[in-house]
Amino acid sequence: MQFLTLVLALLLISAMVYRLGARQAVRLGGGAKGGLHSLPSYYGYYVALWCGIPALILAAGWMIFSPLILKSLVLDTLPPDTLTLPAARLSLLMNEVKQMAASGDYRFASDDVARGAAERYHSLRTISFAAMTVAALSTALIGAWWGMRRVSPKLRARNAVEGMVTLFLIASSTVAIFTTIGIVLSLLFESLRFFAKIPITDFLFGLNWSPQTAMRADQVGSSGAFGAVPLFTGTLLISVIAMIVAVPVGLLSAIYMAEYAHPKFRAVAKPLLEILAGIPTVVYGFFAVLTVAPALRGLGGSLGFNISAESALSTGIVMGVMIIPFISSLSDDVISAVPDALRHGSYGLGATHSETIRQVVLPAALPGIVGGVLLAVSRAIGETMIVVMAAGLSAHLTANPFQSVTTVTVQIVTLLVGDQEFDSPKTLSAFALGLVLFCVTLALNVVALNVVRKYREKYD
Amino acid sequence: MTELSMTQSAHPKVGTTGADAEKRLKARYRAEKRFRAYGLVSIAIALLFLAVLLASIIAKGASAFTQTFIELPVTFDAETIDPDGSREHSALSAADYRTLINAALEKKFPEIAGDRTAKRDVQRLVSQGAELELRKMVLADPKIIGTSAEIWLPASSAADQVLKGNAAHDESSGLSEGALAKLDLLKAAGTLKRRFNTYLFTNGDSRQPELAGLIGAVVGSFYSLAITIALSFPLGVAAAVYLEEFASKNRWTDLIEVNINNLAAVPSIVFGLLALEIFLNVLGLPRSAPLVGGLALTLVSLPTIIISARVALKAVPPWIREAAQGLGASRQQMVMHHVLPLAMPGILTGTIIAMARAIGESAPLLMIGMVAFVVDIPATPVDPATALPVQVYLWAASPERAFVERTSAAILVLLACLAVMNATAIYLRKKFERRW
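Only a predicted model underlies this, so the values are computations on that prediction, with no experimental measurement involved.

So, how was this worked out
Residues numbered from 1 in each chain as written. Chains lettered and ligands numbered in written order. Predicted model: local features only at pLDDT ≥ 70, side-chain atom pairs only at ≥ 80, totals over all residues. Buried ≥ 20, exposed ≤ 12 C-beta atoms within 10 Å, placed from the backbone. Helix = DSSP H or I, 4+ residues; strand = E, 2+ residues; numbered from the N terminus. Domains from an automatic or database assignment. Contact = placed C-beta atoms within 7 Å. Nonpolar A, V, L, I, M, F, W, Y, C, P; charged D, E, K, R; others polar. Pairing = 2+ DSSP bridges. Axes fitted to C-alpha atoms, helices over the stretch in contact; angles between N-to-C directions. Parallel < 35°, antiparallel > 145°, perpendicular 65-115°, else oblique. Left-handed = near helix turned anticlockwise from the far one by under 90°. Core = buried A, V, L, I, M, F, W, Y, C linked by C-beta atoms within 7 Å. Expected span 1.5 Å × (residues − 1). Arc of directions from axis to C-beta. pLDDT = per-residue confidence, 0-100.

S.K.: I'd like a description of helix H18 (residues 388-396) of chain B, backed by residues and values.
M.R.: The element H18(B) is largely enclosed, with a buried count of 9 among its 9 residues. Inspection of H18(B) places Leu388(B), Pro389(B), Val390(B), Gln391(B), Val392(B), Tyr393(B), Leu394(B), Trp395(B) and Ala396(B) among the buried residues, and these make up the whole buried set.

Printed below as a string of structure tokens:
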């Protein structure tokens, strides 16, 4: 909050400096615009940038690095017997200290050492923030002074300002690259730590998944097993069921919408279908648990099947419904993109409408439809909330849709919600699962996007 | 000609006239009708599912918007509330208001005096929130100490559920036979009524279903969304402008494009893992904070915004650019003064739709710990908080029956937010849509 105030203050100062710069430029130009290289406003922006950017960079850097420096300063003052504590205990203590310092509430300190450290941390932080404020504000003023000094009619203010803007635009466009690099690095880093404890072959080909590791070394039967095959088959089973629901329904709706529907019907039905895509997945999850699963269980009971309350079937059906609009709108697009000349040729040879669709339009649109289905599969595999709420937790290696299975995303969530220990294979295995998930969906996306792109080039 | 005669000789029976041909034609027309029907049935299935989903949630959630209150003759006994007579704020807020409620219940049902089981049964009809309610009254006006009044107090969730018909009128509801009999008495006497459930909109989360409210989650969602908009809109538009207007077509920009398209299809939980590792472990930002949630949702929604902003920029006709440059504008002036304002409605529509997705997103928030049980309403974006969809997830996992209707009500609130956002997007599109 305080930091936000400082940023706002800096922005305000920059805005005022903008006025000063613009006015200065007009004055130096002899009151007329003719004598200046750029429009007066560019001189204003020029000075404002000199004022704001260095100060903001300084403040941001301070915010990032000061906690590290503060931490080492506080650690130095701790009594030696506290410093010899194991690393996990020490980081726990530091967390407590930070929390108390942030809230300013020392009542619940676990001991005097923590309380003292928290008070020290708090006072150091106050000093650091005050120093940062002074430093940032003086940087802003020095920047403004320097910018003002450089303002002259010959200064190419527009070029300088546009250069800065271009820099910002380029930097923004690289955020996507950095996101991908960040994903790959963070997943890879933790996964490698995991594979240092559990061999990668055990993880990829093991048939037994029970990540609960022992609390004590001498406990029996809880060494933790990290064979992910049951998770992969569970994910696959639910995705296949979802696709069995979504592909026919989505594709047939798309065909009807694109080929048969009256424009008025289309104008009503298409947005209604899109509503299905807009509903948050947590709502689908709740619906699966509360309505679909009991209904299926009752139906199975009356037919003599034993359907689990967390069956892959109910989860898959609900996920399929979620994916219907995804498939139908993608297929609708590609079917509409098939040139009418193909249809007219087919009608001319005497084919009926449905024969034209099945034998001419669909084959022509097939690559696009396959691309859409692949994207849908990748979405089904990565879908989290529906499975977390509706699918089971225990890993069964089964192809029986009436039984409960668990998926990769369910396990990632259960492993990471709650206590995390970044030195136990239990927590780290979530990152290994995330890496597998990322690689599989990435491969599906690349293939699908290529198929779709190739197809587009053919008809455009 | 020779080809035609060859095919005819290969299928000698195929003719274009006669009863056979007639039959075939009918079969083909039937197939045509069937195929058409398949399409209609598919749409009907999808829409039926939508209808069932919405209907079941509305049916379950509607009752959560009202709550049962019991009228009790409460005496603000000075001895119980403030034995010292100091009227200090601390003494008044620490007083035992449950005793007042128990006394009021004994007054209402004189027959339970001396019967401990009966007393306990009846006490289960009144919510713990009643104490808070009385405390609020006393703190607001300490003069009422010593007076008596008939006061409407919130009923417990078990009583509430029985009265709403969500729970059976037997012991499975969590109330004993005796308590249920008393509840019927109260109902017959007209000292029960259903009021609008203000707790749902003014309270934070609670373990007591009748006291649990959404405001903490709403504020958490609001902070996350504000941060997401503040970051993803400028970044997304800047990236789109660069790629569409300035970048030359080369391997680097190709790489960026492929990257953006891929990121748009990466599961959101992977972004959660990224946020956990980078924002929490490396940068040391606080867990469960809307700040980190907003950062994670920024990364999730950025690709969507970039893609839709590029589409909007592409739709601006090239002659606008040529005219601007012809009059001496620099390329940046052309973009900033002409192209961007014209593309803005389209960009805003895309952004609002992306924000509507972000507000319903929960998987990345689970990863960064925004699933904690948080009673307090977050005051700043770095306080622990949950978000609306996560609150739905948390309540859905709660075992109490009364949370089912609360969950549905939370979903209705979430869907209402989405409906408003999407309606705004549609309105913007309709109002500013331009055909060139």
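S.K.: Outline the domain arrangement of chain A, listing residues and values.
M.R.: If you check the domain split of chain A, you get domain 1 (2-155) and domain 2 (225-459). Distance from the C-alpha centre of domain 1 of chain A to the C-alpha centre of domain 2 of chain A: 48 Å.

S.K.: How would you explain the domain arrangement of chain B if you had to name every residue and give the values?
M.R.: Residues and elements named next belong to chain B. Taken as a whole, chain B is organised into domain 1 (73-197) and domain 2 (215-432). For domain 1 versus domain 2, the separation of C-alpha centres amounts to 46 Å. Taken together, the 5 residues of domain 1 in the interface contact 4 residues of domain 2. In the side of domain 1 that touches domain 2, the residues fall into 1 nonpolar, 3 polar and 1 charged.

S.K.: Let's hear about the sheet that holds strand S2 (residues 148-154) of chain B: which residues, and what values?
M.R.: Residues and elements named next belong to chain B. The strand order S2-S1-S3 describes an open sheet built from 3 strands, whose pairing is antiparallel. If you trace the sheet from one side to the other, it starts and ends with S2 and strand S3 (192-196), each paired once. Adjacent strand axes in the sheet meet at a mean angle of 40 degrees when their direction is disregarded. With 7 bridges connecting them, strand S1 (residues 66-75) and S2 associate as antiparallel partners. Note on S2: the bridge partner recorded for Pro-73 is Glu-150. Packing of helix H7 (residues 129-140) onto the sheet brings it into contact with S1 and S2, and relative to S2 it is tilted by some 135 degrees.

S.K.: Describe the packing of helix H1 (residues 2-28) of chain A against helix H2 (residues 40-77) of chain A, listing the residues and the values that go with them.
M.R.: Residue and element names in this part refer to chain A. Look at H1 against H2: their axes get within 6 Å of each other, and the N-to-C directions meet at 155 degrees. With respect to H2, the element H1 is oriented roughly antiparallel. When you trace H1 past H2, the crossing you get is right-handed. Of the residues that constitute the contact of H1 with H2, the class distribution is 23 nonpolar, 6 polar and 1 charged.

S.K.: Just give me the short version of the environment of Leu188(A), but keep the residues and values in it.
M.R.: You can see Leu188(A) is positioned in helix H6 (residues 157-197). For the pair formed by Leu188(A) and Ala432(A), sequence separation is 244 residues and the distance between their alpha carbons is 7.7 Å.

S.K.: Could you give me a rundown of the nonpolar core, with the residues and numbers involved?
M.R.: Counting 189 residues, the largest nonpolar core has Val318(A) and Ala275(B) as the members making the most contacts within it. If one sorts the elements of this core by residue count, helix H8 (residues 229-260) of chain A sits on top with 17 residues. Apart from residues lying up to four places away in sequence, Val318(A) is in contact with Tyr284(A), Phe287(A), Ala288(A), Val292(A), Ile386(A) and Ala390(A).

S.K.: I'd like to hear about helix H9 (residues 177-189) of chain B, residue by residue, with values.
M.R.: Every α-helical turn comprises 3.6 residues, leaving residues that sit three or four positions apart pointing alike. Residues and elements named next belong to chain B. The end-to-end C-alpha separation of H9 is 18 Å, in line with the 18 Å expected for 13 residues at 1.5 Å each. What H9 keeps buried is the set Ala-179, Lys-182, Leu-183 and Leu-186. Each buried residue of H9 lies within a common arc of 105 degrees when the element is viewed along its axis, so the set occupies one face. Facing away from the buried side of H9, by more than 90 degrees, are the exposed residues Glu-177 and Ala-188. Against S1, helix H6 (116-123), helix H8 (157-164) and S3 lie the buried residues of H9. Following H9 by one or two positions, Gly-190 adopts a phi angle in the positive range, close to 75 degrees.

S.K.: So what's going on with the environment of Gly434(A)? Which residues, and what values?
M.R.: For Gly434(A), the location among the structural elements is in helix H16 (residues 425-459). Spatially, the C-alpha atom of Gly434(A) lies 7.9 Å from that of Thr409(A), the residues being 25 residues apart in sequence. For Gly434(A), the contacting residues outside a window of four places in its chain are Leu187(A), Ile412(A), Val270(B) and Leu273(B).

S.K.: Describe the confidence of the model for chain B, with residues and values.
M.R.: Residues and elements named next belong to chain B. For chain B, per-residue confidence averages 87 on the pLDDT scale, and residues scoring 70 or more make up 97% of the total. Per-residue pLDDT stays below 50 along residues 1-9; that stretch engages in 0 contacts with residues further than four places along the chain or on separate chains. Scoring the predicted complex yields pTM 0.87 and, for the interface, ipTM 0.89.

S.K.: Which residues make up unusual backbone geometry, and what values do they have?
M.R.: Residues and elements named next belong to chain B. A positive phi angle, near 65 degrees, is found at Ser-288, a position not held by glycine. Mapped onto the secondary structure, Ser-288 falls in the loop between helix H13 (268-282) and helix H14 (290-314). Using a count of 21 C-beta atoms within 10 Å as the deciding quantity, one classes Ser-288 as buried.

S.K.: For the pairing of S1(B), give the residues involved together with the corresponding values.
M.R.: Alignment of S1(B) against S3(B), held across 5 bridges, turns out to be antiparallel. When the bridges of S3(B) are listed, Gln67(B) appears paired with Arg195(B).

S.K.: Give a detailed account of the packing of helix H2 (residues 18-61) of chain B against helix H19 (residues 402-432) of chain B, specifying residues and quantitative values.
M.R.: Describing two packed helices takes the angle between their axes plus the distance from one axis to the other. Residue and element names in this part refer to chain B. At their nearest, the axes of H2 and H19 sit 7 Å apart, and the two run at 120 degrees to each other. Here H2 lies oblique to H19, going by the angle between them. Judged by the sense of rotation from one axis to the other, the crossing of H2 with H19 is left-handed. Together, Ile-57, Ile-58, Lys-60 and Gly-61 of H2 and Val-404, Glu-405, Ser-408, Ala-409, Ile-411 and Leu-412 of H19 make up the contact between the two elements. Here the residues of the contact of H2 with H19 sort into 6 nonpolar, 2 polar and 2 charged.

S.K.: I'd love a proper account of the interface of chain B and chain A, names of residues and values included.
M.R.: Tallying the contact residues gives 66 residues for chain B and 68 residues for chain A. When residues of the side of chain B that touches chain A are assigned to their parent elements, the largest contribution, 17 residues, is made by H2(B).

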